[in-house]
Amino acid sequence: KVDGTFPMDVETMVCADSDILVADAYPTRTDLTVVLPFDEREVRGDCILVPFGSHGSALKSIEVAIPLAQRLGKHIVLYHTTWPKDGGSRDASILSHLCYDAVCVLGQLKDQVQAAKVRLVVDLEMATDVTDGIILAGIRHRAALIVVARGQNVSRGSYAEHLRMGPIPLLTVGNPKVVR
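Everything numeric in this text was worked out from a predicted model, so none of it was measured.

A. Here's a closer look at the nonpolar core. In terms of nonpolar packing, the biggest core is built from 25 residues, with Ile48, Val50, Phe52, Ile62, Ile76, Leu78 and Val147 touching the most fellow members. The set of elements that each furnish at least two residues to this core consists of strand 7 (47–51), helix 1 (58–72), strand 8 (75–82), helix 2 (100–115), strand 10 (143–149) and strand 11 (170–173). For this core, the element with the highest residue contribution is helix 1, accounting for 8 residues. Val147 has contacts with Ile48, Leu49, Val50, Pro51, Ser61, Ala65, Leu171 and Val173, leaving out every residue within four places of it along the chain. The next biggest cluster of nonpolar side chains, apart from the first, holds 15 residues, and it includes Tyr79, Ile146, Ala160 and Leu170.

So, in structure tokens, the structure goes:
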């Protein structure tokens, strides 16, 4: 780490007892944890953005994001976008629009980040598109990385697949249970 930057090479990108592969192409194997820089030679930015939903995949993402945040001296932003329930008002509290499962995931994520003594910001909003919301949140918070868990739908339009085309380096956490 030099002057708030972090070189992107395989030897320094190691955390959580698993190697993080730095690649220039998105591998089809879902068991690999991969960061996809564009032309960046180092990770710059203020935070690590971890999007979360109601299914708990972010619980895998946070296992990688916390040690990275500690090593890079960055804070973590937990991001979630939702929409009005049953045509409800967009003016109501955003928390009132989160489903029960998303609230539970948020609680678990917050507990883990706080236990690691990493500074935490929670960003909840109503965005018209999930992928756009994640990218715009990353820009708004000056994210160094977006960290998402890699699912099974590698070639069928997963969020990770769409986010890799965005302007912020994407780190996808491998799923060792699914090898393709």
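Back to the text.
B. Structural detail: helix 1. Over its 15 residues, helix 1 runs 20 Å from end to end, which matches the ideal 21 Å to within 8%, given 1.5 Å per residue. The sharpest bend along helix 1 comes to roughly 25°, located at Val64, with the proline Pro67 sitting one to four residues further on. The complete set of buried residues in helix 1 reads Ala58, Ser61, Ile62, Val64, Ala65, Ile66, Leu68, Ala69 and Leu72. Positive backbone phi, approximately 70°, marks Gly73, located one or two places after helix 1.

Conventions used here
- Residues numbered from 1 in each chain as written.
- Predicted model: local features only at pLDDT ≥ 70, side-chain atom pairs only at ≥ 80, totals over all residues.
- Heavy atoms only, no water.
- Core = buried A, V, L, I, M, F, W, Y, C linked by side-chain atoms within 4.5 Å.
- Buried < 20%, exposed > 50% of the residue type's maximum accessible area, 1.4 Å probe, protein only.
- Helix = DSSP H or I, 4+ residues; strand = E, 2+ residues; numbered from the N terminus.
- Contact = heavy atoms within 4.5 Å.
- Expected span 1.5 Å × (residues − 1).
- Bend = angle between axes of the 7 residues up to and from the residue.

By themselves, these observations are geometric and do not establish any function.
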